[in-house]
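Listed below are the residues making up each chain.
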Amino acid sequence: PIDATLLSRFAPPMFLESVLVHPQLGVLVTDMVGGRVLRVDAAGTTTEFFHLPAPGMNWAMCLAAVADGVLLTVISPDPTVHGVWHVATSGAAQRRAALPPGTMPNGIAVMDNGAALVADSSGARLWHVDRAGNVRVWLEHPLLQPRAFLGRFPGPNGVQVWNGSAYVAVSDRGHIVRVPITGGNDAGEPQVLYADVAADDFAIDADGTMYFATHPFDTIIRIDGAGKRSILAGTTQGITGPTAVALTRDPAGSVVLYAVTDGGLYRQPGAVPIPVPLQVPGLYRLSLQ
């Protein structure tokens, strides 16, 4: 385990769903139920960057960086809000693509051609959203399905693109699935890369090392390119309910990992609930060698 520094704490029961280190905007986090994207500076001061314009239960889910801003997945009962939004660096925003009612857009990653892959946690599929906002099913496969009759966690959750493949955390099965990207940017045959990994969202370093947030299991796990696993942090470091992680490097070139937590709003099966006043959703900074 390594030390984790709490940069900013948030009022319970706020649910922090995603974290992103953007080259122009800095550290961004999503306030899921509040429908907001927040900026956090080096001192831990939080300001609102974007707020979904429509009233109602509009959930701001996951972020992916693009050259002129970010892409944001949104879950909403309003069909004019539900889908993928583009938020420019200025904060101006418009919806890039609608997704069908009943879908649960969650993790999002950008491909080399600028299209986005979106994990559908309820539909057990990945959606392809091109730059013009055209939508199609990119992959629908049994490996993305939650367990029949037993499932209690999402199917496809986090998704990342690295080195010619898409990687998907299928939370309910505890699988990390690798999907080759073909020369035509279609999905190749998926396979289970790692089993027994209770991952929510995750990040991949340039050398292929993966960092996983395990959400109700209260740990951040690292798996290196050789498959060696280690637990980097847990409740001792304040990591309670980590939902997402993001990578960057400090001026010396050392790896820095940011993590957001829900403070224990959701617990693993059989765990003792944490009273709301004791839940401390937070943004943490972990320095790695």
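Reference entry: report on the structure contained in this document. These figures come from a predicted structure and were not determined experimentally.

### Details of the sheet that holds strand β16 (residues 175-180)
In step 1: Spatially, the four strands line up as an open sheet ordered β14-β15-β16-β17, and their pairing is antiparallel. Each edge of the sheet is formed by a strand with only one pairing partner; in this case those strands are β14 (156-162) and β17 (191-194). Between one strand axis and the next, the sheet turns through 30° on average, direction left out of account.
In step 2: Summarising the sheet, β16 and β17 pair through three bridges and their orientation is antiparallel. In the sheet register, Arg178 faces β17, and the bridge partner there is Gln191.

### Description of the packing of aromatic side chains
In step 1: Scanning all chains against the criterion turns up five aromatic pairs.
In step 2: Here the aromatic rings of Phe153 and Phe217 are separated by 6.0 Å at their centres, their planes lie at 55°, and the arrangement is tilted. Of this pair, Phe153 sits in the loop between β13 (135-140) and β14 while Phe217 sits in the loop between β19 (210-213) and β20 (220-223), and the two are 64 residues apart along the sequence.
In step 3: Residue classification places Phe153 among the partly exposed residues on the basis of a relative accessible area of 27%.

### So, the layout of surface pockets
In step 1: Its volume calculated, the largest pocket comes out at about 590 Å³.
In step 2: Listing elements by their share of the lining of the largest pocket, those giving two or more residues are β2 (16-22), β6 (59-66), β10 (105-110), β14, β18 (202-204) and β22 (242-249).
In step 3: No other element matches β22, which puts six residues into the lining of the largest pocket.
In step 4: Counted by class, the lining of the largest pocket contains 20 nonpolar, four polar and three charged residues.
In step 5: Within this model, the second largest pocket holds a volume of roughly 480 Å³.
In step 6: If you trace the second largest pocket, you find 23 residues lining it, with Phe15, Pro154, Asn157, Asp200 and His215 closest to the centre.
In step 7: Each residue belonging to the lining of the second largest pocket can be placed in one class, and the counts come to 13 nonpolar, six polar and four charged.

### Quick look at the sheet that holds strand β12 (residues 125-129)
In step 1: Across the sheet, which stays open at both edges, the four strands sit in the order β10-β11-β12-β13 with antiparallel pairing between neighbours. Sheet topology places β10 and β13 at the edges, where each strand pairs with a single neighbour. The sheet shows a mean angle of 30° between the axes of neighbouring strands, taken without regard to direction.
In step 2: Sheet analysis places β12 next to β13, joined by five bridges and oriented antiparallel. For Arg125, the partnering residue across the bridge sits in β13 and is Glu140.

### Let's talk about the pairing of strand β9 (residues 93-98)
In step 1: Pairing geometry for strand β8 (residues 83-88) and β9, over five bridges, is antiparallel. Residue pairing for β9: Val84 is matched across the bridge by Ala97.
In step 2: Between β8 and β9, which pair antiparallel in sequence order, lie four residues; one of them, Gly91, sits at a positive phi of approximately 100°.

### Structural notes on unusual backbone geometry
In step 1: The linkage connecting Pro12 with the following residue, Pro13, adopts the cis geometry, with an omega of 0°.
In step 2: Take Pro13: it is sitting in the loop between β1 (5-9) and β2.
In step 3: With a phi angle near 60°, Asp196 is a residue other than glycine that sits in the positive phi range.
In step 4: Accessibility expressed as a relative area gives 71% for Asp196, which makes it exposed.
In step 5: Phi angles above zero are rare outside glycine, and Asp218 is one such case at about 60°.
In step 6: Note that Asp218 resides in the loop between β19 and β20.
In step 7: Overall, the relative accessible area of 7% leaves Asp218 in the buried class.

Conventions used here
- Residues numbered from 1 in each chain as written.
- Predicted model: local features only at pLDDT ≥ 70, side-chain atom pairs only at ≥ 80, totals over all residues.
- Heavy atoms only, no water.
- Pairing = 2+ DSSP bridges.
- Helix = DSSP H or I, 4+ residues; strand = E, 2+ residues; numbered from the N terminus.
- Axes fitted to C-alpha atoms, helices over the stretch in contact; angles between N-to-C directions.
- Phe/Tyr/Trp six-rings, centres within 6.5 Å; stacked < 30°, edge-to-face > 60°.
- Buried < 20%, exposed > 50% of the residue type's maximum accessible area, 1.4 Å probe, protein only.
- 1 Å grid on protein atoms, 1.4 Å probe; cavity = no way out; pocket = protein on both sides within 12 Å on 5 of 7 lines; lining within 4 Å.
- Points joined across faces, edges and corners; volume = space filled by probe spheres on them.
- Nonpolar A, V, L, I, M, F, W, Y, C, P; charged D, E, K, R; others polar.

Note that all results are geometric; they support no functional claim without further evidence.
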